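As a plain string of letters, each chain reads:
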Amino acid sequence: MQYKAEMFEWTGPAKEEQTLSGSGAAGYWKDVRQRLRGNKVVTSCLVILLLLVAGAIFVPLFSRYSISDQDLSSTNLGWMTGGHLFGTDKLGRDLFVRVWYGTRISLIIAFSAVLIDLVVGMVYGGIAGYFGGKTDEIMMRVLEVVVAIPYMIIVILLMIVLKPGVTTIILAYGAIGWTGMARLVRGQMMQLKEKEYVLASRLLGAGSWRIIFRGLIPNSLGVIIVNLTLTIPSAIFTEAFLSYIGLGVQIPLASLGTLASEGITSFQTYPGLLIIPAVFLCVTMLTFNLLGDTLRDVIDPKSKE
Amino acid sequence: MEDSRRTVLTVKDLQISIATGSGELQAVRGVSFHIQEGEALVLVGESGCGKSVTAQTLMRLNPDPPVHIKGGEIRLADIDIVQADERQMQQIRGSLVGMIFQDPMTSLNPTMTVGKQIGETLEIHHKLKRKSRWQKAVELLDAVRIPGAAGRAREYPGAFSGGMRQRALIAAAIACKPKLLIADEPTTALDVTIQAQIIDLLRSIQRENGMSILMITHDLAVAASIAQRIAVMYAGRIVETGTVQQIFNNPQHPYTWGLMNSVPRPDQDKNSELITIGGTPPKLLGPAPGCSFAPRCKYAMRICSSADPEEFEVASGHSCSCWLLHPQAPAAAREVKEAYAIV
Amino acid sequence: MLRYIVQRLGFAVLTLWVLITLTFVLMQLLPGDPFVGDRALTDSVKNALYAKYGLDQPVYIQYLKYLGNAVQGDFGDSLIYTGRPVSTILEEAFPFSIDLGIRALVFAVFAGMLLGITAALKKGTGWDTVSMIIAAIGISVPSFILGSLLQYFLALKLSGFTNTQFGFRLLPISGWASEQHKILPPFVLGLSSLAIIARMMRSSLLEVAGQEYVKTAKARGLSMPLLVTRHMLRNAILPVLTILGPLTASVLTGAFVVENIFNIPGMGKYFVSSVQTNDYPMIAGTTLFLGAFLIGANLLVDLSYTLVDPNIKLYKAKV
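Residues numbered from 1 in each chain as written. Chains lettered and ligands numbered in written order. Predicted model: local features only at pLDDT ≥ 70, side-chain atom pairs only at ≥ 80, totals over all residues. Heavy atoms only, no water.

Draft legend 1. Highlighting the overall build of chain A. Scanning chain A from terminus to terminus reveals 11 helices and zero strands. Listed by position from the N terminus, the elements making up chain A come as α-α-α-α-α-α-α-α-α-α-α. The burial tally for chain A puts 50% of its 305 residues in the buried class. Counted over contacts in chain A with a minimum sequence separation of 6, partners at least 24 positions apart contribute 70%. Of the roughly 15,000 Å² of accessible surface on chain A, a fraction of 65% belongs to carbon and sulfur atoms. (Helix = DSSP H or I, 4+ residues; strand = E, 2+ residues; numbered from the N terminus. Buried < 20%, exposed > 50% of the residue type's maximum accessible area, 1.4 Å probe, protein only. Contact = heavy atoms within 4.5 Å. Areas by Shrake-Rupley, 256 points an atom, 1.4 Å probe, with all protein chains shown as cover.)

In structure tokens, the structure reads:
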């Protein structure tokens, strides 16, 4: 076949294109954000959580009733009667306000416990992983002992000694819950320590602490977020469990756990008293669990194809 | 000489696409080759050029989706592989075709003894009883030159080194004396000395059993040490194919030149730089028209980026898809080519 | 191998010691005096009681004594069930708890693995979705809620005509007498563990399915069922087994709640009532006993794991 002669003029190689998108930390987060945006599960979980948090903050603020207002003339009311959306309990307290208030307490407990987890776990794991060697060896042995003692037992013992209450639950959970986070951070630290940019910042004279908190932890952010999201339902569960065996939040306060376990006592005659707090409790836990699972799939590069 | 032997494998205009999150990737875009009985063909190319997908598709090992055969034909000893159903494929895998993979460290099941894994092929296809299976497995281990084979067969892969694992995997792959052995980068993960031993082993197996070999590698030196014929693959296409002598003595495609220059040679001037091929291989999500190598090619002409190159026959059995071979190409091109030719 | 066993054993003893010490310290920190109750005691009676329980001695003597007693399984007498040693009560109650616990665990392990395997093999299909929804519910519904609801609907609502001659009861409401009694409580107790196992099993199996040795085995001509049973399951189940230790712990502590809902006379029933009545020796005794049992169970899981996996890294504790 004949072609135009000019087709056979030299052109040489093309200019080097700007490729290499999607590599490096910035590209990775861009990638994650892109995948999160289209994810229906994440979006709906976030919407539900937003509603729960908003309700927990505002409903008790603006309601006509308070959580401890008793009205012995209208006890055990059913749905939508006597101006009570969810009815009332055996002391005539408005269930709608109580459930939202309970959500507030449960969320406060969960978030605070997770915060303690985060701080203790990050410091502990960060130190162990960063310094390595003997320090790491000793710290990991101590951690193993803590892990080997069944956590619920320790939490219960602590609750008995410290007297039940919101702060106690947070402290008790925080005293045990940090181990998972510590292990995770240590592992990340060990991995990242080998990377070149850490060596580079060392050479530039950055101190150890600076490297830990400025350089390394932002890089482990993904895994940490997932871990935290999954810790929240576990803290909520612990609180509910303690409430059931009588070590939970004490009156006049109420959490979803105490509401549900109170509901159990009169459940067979007034099912709503159990079912409503139970639904709130389960939806909250389910949402956090689903969110954590989905985030893990999205954030974990291993699940990338 | 080629006509006197039967053809074991024929691949015609094979097209494979891979569904990814960001669209359909044209991994293989019209690949054709054939392998004769007792012949070793080596597919050479950079990673990502589609050579592994091609090899695994010959055994239909890739799940569909995402890997889909869009067109073309694969004929293995009169069997139409593209049309075969899963049951037929199971009968073919291991008996008619054996395959070994790149990473011997992860290719053996860690919780099963090596002997049992080798015997598995015989169990499936020859329905051998356990005792004779074991005996055969030990013989095979011995044949792939593993010392103390009888004791070794009872061990778990954890006790084997990388080279020994690859030998064991070869033993498992050739247990049923397949007509064709596909070796997908079998030496890449190994030390250089072990590499040579594995190649040596493959050659003697080929000689003794009259087996055909299709090897995939990115390493021209490895290719030269085993191949009778070489096919150079770039961006899902075969750009040049010929006998070892033809490819090494009279390479025609600029990409082949690049590959050869990337191989350090003993006769090379010590001070001369090792030449690498600039740029990165193209993304095959939506390939542009024209020759895919053009953006990296020092000898690119205007036509290279507008029309797919035709295939030119250089000599009998040696063909190349490159516009430089067109009679209208500038004479300078011929001079460049001669510089690469050894003869 | 022997070194590993000795190391694990030593570690278990160390953990146990930490637990006993911790319990002792916490009990010391308890505010108030165990003998200040409703009745006012004269000083002489009080001193006699102090002497009897060794409370007049220095703390370290008390500690050593406590340690010695605890090792021998002597946790003192219950304050509520007066005169009965805690160990006797535990001895009576433990068989019920362990029966319940084992049933729950067996159910959780088998059903959980089945669910996880189904989900992984049918990935992306309705099977997968349904299995994972069950798993999500399992970890999101606390057992006391699930227990109460099931008790109400299955045992009460669905059982009609109980007073007539033709009366039937689908499942008994509570107790631990017949085999029918032993259906609902293990189910309720095991569901969260089932969910955890199912999720782990699924991801583990999916990971194994992508391994090179599975592809290599496929290239030998193995059919899908053979690939799954021979090459995938064993390797996928191994990591799941490592959580059996912690799961035993969560099942046995979970039994505290389930025993109360279904009125089963196990340790949990006593424990919860002792929490509500401040029966400290009982609380400490149950805690120590359960702790010791779980530490032992963990040790057993660790050791048996070395038997199942030929390639176990013997010093994985270090990693």
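Draft legend 2. Representation of the confidence of the model for chain B within the structure. Residues and elements named next belong to chain B. Of the residues in chain B, 87% reach a pLDDT of 70 or more, and the chain-wide mean stands at 83. Of all helices and strands in chain B, the one with the weakest mean pLDDT is helix 11 (residues 331-340) (67), whereas strand 8 (residues 212-217) scores best (92). Interface confidence in the predicted complex, given as ipTM, is 0.83; pTM for the same model is 0.81. (pLDDT = per-residue confidence, 0-100.)

Draft legend 3. Structural context of the sheet that holds strand 6 (residues 97-100) of chain B. Residue and element names in this part refer to chain B. Spatially, the eight strands line up as an open sheet ordered 6-7-8-3-9-10-12-11, and their pairing is mixed. If you trace the sheet from one side to the other, it starts and ends with strand 6 and strand 11 (311-315), each paired once. The mean inter-strand angle of the sheet, taken between neighbouring strand axes irrespective of direction, is 20°. Looking at chain direction, strand 3 (residues 40-44) and strand 8 are connected through five bridges and run parallel. Across the sheet, Val42 pairs through a bridge with Met215, a residue of strand 8. Along the sheet, helix 7 (residues 192-209) contacts strand 3, strand 6, strand 7 (180-184) and strand 8; its crossing angle with strand 8, the most-contacted strand, is approximately 155°. (Pairing = 2+ DSSP bridges. Axes fitted to C-alpha atoms, helices over the stretch in contact; angles between N-to-C directions.)

Draft legend 4. Main features of the environment of Gly151 of chain B. When you line up the elements, Gly151 of chain B lands in helix 5 (residues 149-153). For the pair formed by Gly151 of chain B and Val138 of chain B, sequence separation is 13 residues and the distance between their alpha carbons is 8.6 Å.

Draft legend 5. Geometry of the nonpolar core. Ranked by internal contacts, the top residues of the largest apolar core, which has 158 residues, are Ile156 of chain A together with Phe144 of chain C. When near neighbours in sequence (up to four residues on either side) are disregarded, Phe144 of chain C contacts Ala240, Phe241, Tyr244, Gly257, Ala260, Ser261 and Ile264 of chain A together with Val257 and Ile261 of chain C. Listed in part, the 72 residues of the second largest apolar core include Tyr3 of chain A together with Leu169, Cys176 and Ala329 of chain B. (Core = buried A, V, L, I, M, F, W, Y, C linked by side-chain atoms within 4.5 Å.)

Draft legend 6. Main features of the side chain of Ser321 of chain B. Along the chain, Ser321 of chain B turns up in strand 12 (residues 318-321). In contact with Ser321 of chain B, other than residues within four places in its own chain, are Ile238, Val239, His253, Pro309, Glu310 and Glu311 of chain B.

Draft legend 7. Quick look at the pairing of strand 1 (residues 7-20) of chain B. Residues and elements named next belong to chain B. By the bridge criterion, 11 bridges tie strand 1 to strand 2 (residues 23-36) in an arrangement that is antiparallel. Bridge pairing in strand 2 places Thr7 opposite Gln36. Bridging between strand 1 and strand 4 (residues 67-76) involves eight bridges; their strand directions are antiparallel. Counterpart to Lys12 in the pairing with strand 4 is Glu73.

Draft legend 8. Main features of the environment of Val298 of chain A. As for its placement among the helices and strands, Val298 of chain A is situated in helix 11 (residues 272-299). Residues contacting Val298 of chain A, with those up to four places away along its chain left out, are Val32, Arg35, Leu36 and Asn39 of chain A.

Draft legend 9. Quick look at the packing of helix 7 (residues 184-209) of chain C against helix 9 (residues 224-241) of chain C. Residue and element names in this part refer to chain C. Running from N to C, helix 7 and helix 9 cross one another at 135°; their axes reach a closest spacing of 8 Å. Classed by the angle they form, the pair helix 7 and helix 9 counts as oblique. Regarding helix 7 and helix 9, the two cross each other, and that crossing is right-handed. Where helix 7 approaches helix 9, its residues Ile197, Met200, Met201, Ser204, Leu205, Val208 and Ala209 are matched on the opposing element by His231, Met232, Leu233, Asn235, Ala236, Ile237, Pro239 and Val240. Considered class by class, the residues forming the contact of helix 7 with helix 9 number 12 nonpolar, three polar and no charged. (Parallel < 35°, antiparallel > 145°, perpendicular 65-115°, else oblique. Left-handed = near helix turned anticlockwise from the far one by under 90°. Nonpolar A, V, L, I, M, F, W, Y, C, P; charged D, E, K, R; others polar.)

Draft legend 10. Layout of the domain arrangement of chain B. Once the domains are mapped, chain B shows domain 1 (7-227) and domain 2 (254-266 + 275-339). A separation of 30 Å is found between the C-alpha centroids of domain 1 of chain B and domain 2 of chain B. (Domains from an automatic or database assignment.)

Draft legend 11. Representation of the state of the cysteines within the structure. Residue and element names in this part refer to chain B. Across all of its chains, the model carries zero disulfides over all chains by this definition. Its sulfur unpaired, Cys297 is 6.2 Å from the next cysteine sulfur, which belongs to Cys304. Owing to a relative accessible area of 7%, Cys297 belongs among the buried residues under this scheme. No disulfide involves Cys304; its nearest neighbouring cysteine sulfur is the one of Cys291, lying 6.0 Å away. (Disulfide = S-S within 2.5 Å.)

Draft legend 12. How the structure looks around the pairing of strand 10 (residues 237-243) of chain B. All names here are of chain B. The element strand 10 is largely enclosed, with a buried count of five among its seven residues. In this structure, the hairpin formed by strand 9 (residues 229-234) and strand 10 is closed by a connection of two residues, where Ala235 is found at a positive phi of approximately 50°. Note that strand 10 and strand 12 share two bridges and pair antiparallel. Bridge pairing links Thr241 to Ser319 in strand 12.

Draft legend 13. Structural context of helix 11 of chain A. For helix 11 of chain A, which comprises 28 residues, the first-to-last C-alpha distance of 39 Å matches the rise-based estimate of 40 Å (1.5 Å per residue) to within 8%. Helix 11 of chain A sits mainly inside the fold: 20 of its 28 residues count as buried. (Expected span 1.5 Å × (residues − 1).)

Draft legend 14. Quick peek at the packing of aromatic side chains. Residue and element names in this part refer to chain B. One pass over the full model with this rule turns up 16 aromatic pairs over all chains. Judged by centre distance (5.2 Å) and plane angle (65°), the ring pair of Tyr255 and Phe293 falls under edge-to-face. Of the two residues, Tyr255 is situated in helix 10 (residues 254-261) and Phe293 in the loop between helix 10 and strand 11; the sequence distance between them amounts to 38 residues. A residue is classified by how much of its surface remains accessible, and Tyr255, at 0% relative accessible area, is buried. On the basis of relative accessibility, which here comes to 4%, the residue Phe293 falls in the buried class. (Phe/Tyr/Trp six-rings, centres within 6.5 Å; stacked < 30°, edge-to-face > 60°.)

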